[in-house]
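Chain and residue survey
This is what each chain is made of:
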Amino acid sequence: MHQSKPSTTLAPPPAGPSAGSLPGAPAEPAGSVSGLGLYDAALDAALGALREEGRYRVFVDIERRSGAYPEAVHHGASLQDIVVWCSNDYLGMGQHPAVIEAMHEALDRVGAGSGGTRNISGTTHYHVLLERELADLHGKEAALLFTSGFISNDATLSTLARILPDCVMISDELNHASMIEGIRRGRGPKRIFRHNDLADLERLLAELPLDQPKIVAFESCYSMEGDFSPIGDLCDLAHRYNALTYLDEVHAVGLYGARGGGVAERDGVMHKVDIIEGTLAKAFGVMGGYITGSARLIDVVRSYAPGFIFTTSLSPVLCAGALASVRHLKQSGEERARQQANAAALKAALRRANLPLMPSESHIVPLLVGDPVLCKQVADELLERHRIYVQPINYPTVPRGTERLRFTPGPHHGEARIAHLVGALEAVWTRLKLRRAA
């Protein structure tokens, strides 16, 4: 039975003496502000700016139901059954029986934690097996695990920028924040090329000495635009100018290719990519990030990257679940096929309803709103009136004026849920008098 959620409002701290009134403490100057109150105005101004722009982020409190993906419970004013339409657990592998069984078995066998950093006591046999499986998935000599996809990009790119003398990082303009942060922290020279623009990339490469170290960094599937990069052509061009290639396959591993190796596998060009980075937290449904490449390169990152060296390693329970997921998706294309079919069906239904579907080649289904306040209002109405959960996507994740809803249909959404979603969107679009498709 659903019941009201108890209040979680925190009580104010008990009154007590200020620091200046404690025995032996110096008296506060007249008009001074004690404690963190000195900074409150600046903190409030920062939050107020986000609220004024309609960009203040509100996290929806949900509880997924094991075995019932994509259903969940929303912990709002009251408990409410909802359907999740924005999860990056693209294939529902986070609730796959093989994954859950593997995690239970590992928990019973070795316990919860890893025991430390990898170089002290946190390398377990689960880590070793998973790295071997990931290297095989991408046809590389070796792999290295990180605690997240963000950290794998950040740590690897910043480390290579420091290790390779005067290395120039050349980045696609739509690369993820984790890649941008890694390049920034490397503190080396950088260039930005127009999205998927081979001519612009060649212009930048031609300006640099042929013998100067350089890395061309790009993604295979861009998660907000839903488009693919021309991986093979980008690699051929980069190698012509003696550049290494760094490919982020985060939104494609598990989803594309005969064994789930990503878009590079689908396109038959994995061998052209020098470094492939991926995640275990999206299509594989668990948690963690990784890179794959030559044994020498992996050894350098392992030996020099602070983001790897000085952090506790992934729990072996997570590694066991990810290992089971990778192995399953190498053998089974059923989840991928059903997901692609549902993505195509949703796109077709949105077009029939004359809703402003943005161009997308992939499983990502973006719907344009174009205003941050309206985008949040649409998402709120879908949740409160129609029990549909989708998060608004605003700046800086996407450019201003392109605020959108980003739907990620999975293999379990199906015709009935698609029809319910499109009907709800039509109702909200009509009620709020939003722009339809041209």
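See the structure shown above.
So, here is what we can say about the structure in this document. The structure presented is a predicted model; accordingly, all values stated were derived computationally and were not measured.

Structural notes on helix α5 (residues 177-186)
- Listing the buried residues of α5 in full gives S178, M179, G182, I183 and G186. One face of α5 carries all of its buried residues, which in axial projection span an arc of 135 degrees.
- Positive backbone phi, approximately 60 degrees, marks R187, located one or two places after α5.

Quick word on a nonpolar patch on the surface
- A contiguous nonpolar patch, built from L38, Y39 and L43 and spanning about 330 Å² of accessible area, is present on the exposed surface.
- Here Y39 is to be found in helix α1 (residues 37-53).

Here we look at the sheet that holds strand β12 (residues 388-389)
- If you walk across this open sheet you meet the four strands as β1-β2-β3-β12, and the pairing is mixed. Two strands lie at the open edges of the sheet, namely β1 (62-64) and β12, each paired on one side alone.
- Pairing of strand β2 (residues 71-75) with strand β3 (residues 79-84), which is carried by five bridges, proceeds in the antiparallel orientation. Residue H74 lies in a different strand from β3, and its bridge partner there is Q80.

A few points about the packing of helix α4 (residues 149-163) against helix α9 (residues 295-304)
- The contact between α4 and α9 brings their axes to 10 Å, and the two run at 100 degrees. Taken together, the axes of α4 and α9 are roughly perpendicular relative to one another. Packed against α4, whose contacting residues are T156, T159, L160, R162 and I163, the element α9 presents V300, V301 and Y304 at the interface.
- Partitioning the contact of α4 with α9 into residue classes produces five nonpolar, two polar and one charged.

Observations concerning the nonpolar core
- In this structure, L134, I170, V216, I231 and L280 are the most contacted members of the largest nonpolar core, which totals 56 residues.
- The element best represented in this core is helix α11 (residues 316-331), accounting for seven residues.
- With sequence-adjacent residues up to four places away left out, L280 is seen in contact with L130, L134, L145, G285, V286, M287, G288, Y290, A322 and V326.
- Core analysis: the second largest hydrophobic core is formed by 34 residues, I82, L367, L405 and V422 among them.

Considering the pairing of strand β6 (residues 190-193)
- Note that strand β5 (residues 168-172) and β6 share four bridges and pair parallel. Across the sheet, residue D172 finds its bridge partner in β6, namely F193.
- As for the winding sense of the linkage, the β-α-β connection from β5 through α5 to β6 is right-handed.

What about the packing of helix α6 (residues 198-206) against helix α7 (residues 231-240)?
- Relative orientation of the contacting elements α6 and α7 amounts to 15 degrees, with a least axis distance of 10 Å. On the basis of the axis angle, α6 is roughly parallel to α7. Regarding α6 and α7, the two cross each other, and that crossing is right-handed. In contact with L198, L201, E202 and L205 of α6, α7 contributes D233, L234, L237, A238 and R240.
- Class assignment of the residues belonging to the contact of α6 with α7 gives a composition of six nonpolar, no polar and three charged.

Digging into the pattern of salt bridges
- Here the structure, examined in full by the defined rule, presents 27 salt bridges.
- Measuring nitrogen to oxygen at the nearest pair gives 2.8 Å for the salt bridge that ties D299 to R302. Within this pair, D299 and its partner R302 are both found in helix α9, separated by three residues, close to a single helical turn.
- Using a relative accessible area of 42% as the deciding quantity, one classes R302 as partly exposed.
- The partner of E381 in a salt bridge is R431, with the nearest N and O atoms 2.1 Å apart.

Let's talk about the side chain of E265
- Among the structural elements, E265 can be located in helix α8 (residues 263-266).
- R259 is the oppositely charged side chain nearest to the buried, salt-bridge-free E265, at an N-O distance of 4.2 Å.
- In this structure the side chain of E265 is engaged in a polar contact, spanning 3.5 Å, whose partner is the backbone nitrogen of A258.
- Excluding residues that lie within four positions of it along the chain, E265 makes contacts with Y256, G257, A258, R259, G260 and M270.

Considering the environment of T292
- You can see T292 is positioned in strand β10 (residues 289-293).
- Once the C-alpha coordinates of T292 and H195 are considered, the two residues, 97 residues apart in sequence, prove to be 24 Å apart.
- Those residues within four positions of T292 in sequence are excluded, and the remaining contacts are L134, A135, H138, K140, A142, A143, D274, I275, I276 and I298.

Conventions and cut-offs
Residues numbered from 1 in each chain as written. Predicted model: local features only at pLDDT ≥ 70, side-chain atom pairs only at ≥ 80, totals over all residues. Heavy atoms only, no water. Buried < 20%, exposed > 50% of the residue type's maximum accessible area, 1.4 Å probe, protein only. Helix = DSSP H or I, 4+ residues; strand = E, 2+ residues; numbered from the N terminus. Arc of directions from axis to C-beta. Patch = residues over 30% accessible without salt bridge, like charges linked within 9 Å, V, L, I, M, F, W, Y side chains within 5 Å. Areas by Shrake-Rupley, 256 points an atom, 1.4 Å probe, with all protein chains shown as cover. Salt bridge = Lys/Arg side-chain N within 4 Å of Asp/Glu carboxyl O. Pairing = 2+ DSSP bridges. Axes fitted to C-alpha atoms, helices over the stretch in contact; angles between N-to-C directions. Parallel < 35°, antiparallel > 145°, perpendicular 65-115°, else oblique. Contact = heavy atoms within 4.5 Å. Nonpolar A, V, L, I, M, F, W, Y, C, P; charged D, E, K, R; others polar. Core = buried A, V, L, I, M, F, W, Y, C linked by side-chain atoms within 4.5 Å. Right-handed = clockwise from strand over helix to strand, strands pointing away. Left-handed = near helix turned anticlockwise from the far one by under 90°. Lys, Arg positive; Asp, Glu negative; His and termini not counted. Polar contact = N/O pair within 3.5 Å; in protein donor to acceptor, adjacent residues only side chain to side chain.

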